[in-house]
Amino acid sequence: MILDLHTHSEASEDSRAPVETYLKWLARKREALPIDGIVLTEHRQWNSHADYRALEDAYGLVILRGAEVETDYGHVLVYGVNEDITRRFDFTNVRLSAQELIPAVAHMGGIAVPCHPGRPTIGLCEHYETKPPIDGVVAVEALNGGSRRGENERVHALIERYGYHAFGGSDSHLVSFIGICATEFDHEIRTIDDLVQTLFQGGYRPLDFRDQLRKVS
Amino acid sequence: MALELDRSIIGSEFDRTIFDPVTDAEVAEYAAASTEPQPDQTIASPTFVVRLRGRRFMPSNLPPDLGRAAFDAGKDIEWGAPIRVGDVLTAVSTVHDIYEKTGRSGSMRFLVLRTVITNQRSEQVAVIDQRMMFR
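We now turn to the structure provided with this report. (Residues numbered from 1 in each chain as written. Chains lettered and ligands numbered in written order. Predicted model: local features only at pLDDT ≥ 70, side-chain atom pairs only at ≥ 80, totals over all residues. Heavy atoms only, no water.)

## Structural notes on the overall build of chain A
Here is step 1 of the chain: Across its full length, chain A carries eight helices and nine strands.
Here is step 2 of the chain: Here chain A has a C-alpha radius of gyration of 16 Å; the compact-globule value for 217 residues is 17 Å, and the two agree.
Here is step 3 of the chain: When the backbone C-alpha atoms are referred to their principal axes, chain A occupies close to 45 × 35 × 35 Å.
Here is step 4 of the chain: By the burial criterion, 55% of the 217 residues in chain A qualify as buried. (Helix = DSSP H or I, 4+ residues; strand = E, 2+ residues; numbered from the N terminus. Rg over C-alpha atoms; globule rule 2.2 N^0.38 Å. Buried < 20%, exposed > 50% of the residue type's maximum accessible area, 1.4 Å probe, protein only.)

Rendered as structure tokens:
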């Protein structure tokens with residue numbers, strides 16, 4: 001099963017992509033992008049009322065939700081967001097403590113994983129050069145569709161040194177970027193709880209569809 | 001921890017401008033300049049609203065910690081009723097949002113100014129969200 005774990009829709013202030021248009025694009029590009037679902041990770045927010053079940057049924061794709069928050073160690077994806085987590089952490093705060101967030105989210109039933117670790121300023125690699133490693137990190141986004149040349153490559157050493165699991169996501173803000181990088185899971189993921197549990201356990205790997213897309217189009 | 005930025009000016013109105021009635025010359029001039037099709041000479045093309053300028057572009061009481069250097073970070077426009085020759089338009093501008101984000105180059109602060117334009121029939125003609133980035 002393949003999911004794009006890092007996507008932004010028009011709910012994020014820097015994206016203009018409607019969720020349904022993402023799904024239409026994936027349906028159209030099925031040959032090059034065999035994606036089974038997406039996880040919406042809007043910037044610095046969590047909307048507990050958003051409901052995409054009708055779209056899931058209409059397009060036969062899994063739609064899950066998380067959030068991308070900002071910490072003193074860079075940006076972090078949070079999956080399994082619940083009331084306990086949003087009560088404790090203000091997602092609009094761009095200076096959250098990663099040392100506090102990551103173990104606490106795990107304790108409250110979710111998982112928080114650093115994204116685009118190779119990017120300057122907002123990626124884990126640079127912060128690990130001057131600060132101690134964060135307790136409780138189990139996985140990092142080893143492949144990010146929005147990263148520049150060399151940024152994804154920086155992550156390999158990090159994974160090797162700390163033994164983190166690796167996943168991928170497109171970080172799409174535009175419709176045509178959805179699914180360009182994703183994560184292949186050994187087991188089926190149907191719910192956010194499945195995703196949280198699997199991210200802790202392992203049995204997944206990042207996939208890059210950019211070459212495949214170029215060949216088909 | 002809450003945002004360090006002072007967000008108390010969100011929602012405050014900083015400009016209200018009532019424009020002179022829209023003339024057919026203005027509508028024609030805009031159509032010619034923008035090369036947008038104008039099938040009906042009495043109705044302005046939707047983007048005509050970007051031509052309108054209120055008296056004040058920015059609030060005078062911006063939080064000092066917002067930053068000094070600002071640039072245009074884009075705008076969103078939601079269109080409503082068409083603008084017709086003779087319409088008297090009113091633009092009301094408020095501070096819609098202030099937020100902070102971090103990117104490759106560090107921390108950025110954003111100010112979103114919302115301008116709602118209505119006509120003399122109180123119909124909403126456009127809502128313009130102008131983003132300004134500060135650092």
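More follows now that the structure is in view.
## A word on the overall build of chain B
Here is step 1 of the chain: From N to C terminus, chain B includes one helix and five strands.
Here is step 2 of the chain: Ordered by position in the sequence, the α and β elements of chain B form the string β-α-β-β-β-β.
Here is step 3 of the chain: Expressed along its principal axes, the backbone C-alpha trace of chain B runs to roughly 55 × 30 × 20 Å.
Here is step 4 of the chain: For chain B, buried positions account for 41% of its 135 residues.
Here is step 5 of the chain: A separation threshold of at least 6 residues defines the contact pool for chain B, and within that pool the share at least 24 residues apart is 71%.
Here is step 6 of the chain: For chain B, the exposed surface amounts to about 7,200 Å²; the carbon and sulfur share of it is 53%.
Here is step 7 of the chain: Computed over 16 positive and 19 negative side-chain charges, the inter-centroid distance for chain B is 6 Å. (Contact = heavy atoms within 4.5 Å. Areas by Shrake-Rupley, 256 points an atom, 1.4 Å probe, with all protein chains shown as cover. Lys, Arg positive; Asp, Glu negative; His and termini not counted. Charge placed at Lys NZ, Arg CZ, Asp CG, Glu CD.)

## Examining the packing of aromatic side chains
Here is step 1 of the chain: Summed over all chains, the structure comprises six aromatic pairs over all chains.
Here is step 2 of the chain: Taken together, a centroid distance of 6.1 Å and an interplanar angle of 85° make the contact between Tyr73(A) and Tyr128(A) edge-to-face. Of this pair, Tyr73(A) sits in the loop between strand S3 (62–71) and strand S4 (74–79) while Tyr128(A) is found in helix H5 (residues 124–128), placing the two residues 55 residues apart along the sequence. There is no split in this pair, since Tyr73(A) and Tyr128(A) are both buried.
Here is step 3 of the chain: Pairing Tyr30(B) with Phe48(B) gives two aromatic rings, centres 5.7 Å apart and planes at 80°, and the pair type is edge-to-face. Note that Tyr30(B) is positioned in helix H1 (residues 24–34) and Phe48(B) in the loop between H1 and strand S2 (70–79), a separation of 18 residues in sequence.
Here is step 4 of the chain: Relative accessible area serves as the criterion here: at 15%, Tyr30(B) is assigned to the buried category.
Here is step 5 of the chain: On the basis of relative accessibility, which here comes to 1%, the residue Phe48(B) falls in the buried class.
Here is step 6 of the chain: The side chain of Arg65(A) reaches across the aromatic face of Trp46(A), ending 4.2 Å from its centre.
Here is step 7 of the chain: Across the ring face of Tyr73(A), the terminal group of Lys131(A) is positioned such that the distance to the ring centre comes to 4.6 Å. (Phe/Tyr/Trp six-rings, centres within 6.5 Å; stacked < 30°, edge-to-face > 60°. Lys NZ or Arg CZ within 6 Å of the ring centre and 35° of its normal.)

## A look at the sheet that holds S3(A)
All names here are of chain A.
Here is step 1 of the chain: Pairing is mixed in the open sheet, where seven strands are placed in the order S5-S4-S3-S2-S1-S8-S9. Two strands close off the open sheet at either side, each with one partner strand: strand S5 (111–114) and strand S9 (204–208). Taking each pair of neighbouring strands and ignoring which way they run, the sheet shows an average axis angle of 30°.
Here is step 2 of the chain: Of the strand pairs in this sheet, strand S8 (residues 181–185) and S9 are connected by five bridges, and their pairing is antiparallel. Counted as the bridge partner of Thr-183 is Pro-206 from S9.
Here is step 3 of the chain: Its contacts with the sheet put helix H4 (residues 98–107) on S3, S4 and S5, and the angle it makes with S5 is roughly 140°.
Here is step 4 of the chain: Contacting strand S1 (2–7), strand S2 (37–43), S3, S4, S5, S8 and S9, helix H7 (residues 192–201) crosses the sheet at an angle of about 125° to S4. (Pairing = 2+ DSSP bridges. Axes fitted to C-alpha atoms, helices over the stretch in contact; angles between N-to-C directions.)

## Quick word on the environment of Gly202(A)
Here is step 1 of the chain: Tracing the sequence through the fold places Gly202(A) in the loop between H7 and S9.
Here is step 2 of the chain: Judged by relative accessible area, Gly202(A) falls into the buried class, the value being 14%.

## Observations regarding the pattern of salt bridges
Here is step 1 of the chain: Inspection of every chain in the model, using the stated rule, returns 29 salt bridges over all chains.
Here is step 2 of the chain: For Arg87(A), the salt bridge is made with Asp84(A), and the minimal N-O distance between the two is 3.7 Å. Of this pair, Arg87(A) and Asp84(A) both sit in helix H3 (residues 83–88), separated by three residues, roughly a single helical turn.
Here is step 3 of the chain: A relative accessible area of 41% means that Asp84(A) is categorised as partly exposed.
Here is step 4 of the chain: Here Asp171(A) ties to Arg119(A) by a salt bridge, and the two come within 2.9 Å at their closest N and O atoms. In this pair, Asp171(A) is assigned in the loop between strand S7 (165–169) and S8 and Arg119(A) in the loop between S5 and H5, connecting sequence segments 52 residues apart. With respect to burial, Asp171(A) and Arg119(A) carry one shared label: buried.
Here is step 5 of the chain: Counted as one network, the salt bridges with shared partners bring together Glu13(A), Asp14(A), Arg44(A), Glu70(A) and Lys101(B). (Salt bridge = Lys/Arg side-chain N within 4 Å of Asp/Glu carboxyl O.)

Just distances and angles here, no functional claims.
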